[in-house]
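Fold and geometry: a report
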Amino acid sequence: RTEAVKPAYKQLTDKLSGYTGRYMVYTLHVKSIEQTPTGYLILAGMSKTKAGVYSNMVAIRTSEAPAVYEGSSAQMYLKCLGSYDVVSDAGSQSYPYFDLQWVE
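Note that this is a predicted model, so its numbers are computed, not measured.

For the rest of this paragraph, the subject is the sheet that holds strand E5 (residues 91–103). Adjacent strands of a sheet form backbone hydrogen bonds with each other and so pair up, either parallel or antiparallel. Sheet architecture is closed into a barrel: five strands sit in the order E1-E2-E3-E5-E4, paired in mixed fashion. Each neighbouring strand pair of the sheet contributes to a mean axis angle of 45°, computed without reference to strand direction. Pairing of strand E3 (residues 54–62) with E5 involves three bridges; the strand directions are parallel. Paired with Ala59 across the bridge in E5 is Tyr97.

Here it is, written out as structure tokens:
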């Protein structure tokens, strides 16, 4: 916990390679949880408007069922893995990618 840093989203994305391998802590808003062959993939935003629009998105992997649910917010301790490409109807988007350590 004492090693966890909390860079602003722009700083995180601009200098992502320098943060790879470091521990971070953020309060995140869970947009979706998808089961994968190796566990779960959580897409979450660092902010969410009252209208339900998520922004400053990140991708998080976990091998165990997460202690969060879609629409919830939680403080998460994460290890930065680099970037993750999400492909949707709107095209491909690259998000900072993390390994979930624990949730508070």
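Our focus in this paragraph is the nonpolar core. Soluble globular proteins tend to bury their nonpolar side chains together. Core analysis: the largest hydrophobic core is formed by 28 residues, its most contacted members being Leu28, Ile60 and Phe98. Mapped onto this core, the elements with two or more residues apiece are helix H1 (9–14), helix H2 (16–19), strand E1 (23–36), strand E2 (39–48), E3, strand E4 (73–88) and E5. Here Ile60 is in contact with Leu28, Tyr40, Leu41, Ile42, Ala44, Met76, Leu78, Tyr97, Phe98 and Leu100, once residues within four sequence places are set aside.

Along the chain, His29 turns up in strand E1. In contact with His29, not counting residues within four places along its chain, are Leu43, Ala44, Gly45, Met46, Ser47, Lys48, Tyr54, Ser72 and Ser73.

Reading guide: rules and limits
- Residues numbered from 1 in each chain as written.
- Predicted model: local features only at pLDDT ≥ 70, side-chain atom pairs only at ≥ 80, totals over all residues.
- Heavy atoms only, no water.
- Pairing = 2+ DSSP bridges.
- Helix = DSSP H or I, 4+ residues; strand = E, 2+ residues; numbered from the N terminus.
- Axes fitted to C-alpha atoms, helices over the stretch in contact; angles between N-to-C directions.
- Core = buried A, V, L, I, M, F, W, Y, C linked by side-chain atoms within 4.5 Å.
- Buried < 20%, exposed > 50% of the residue type's maximum accessible area, 1.4 Å probe, protein only.
- Contact = heavy atoms within 4.5 Å.

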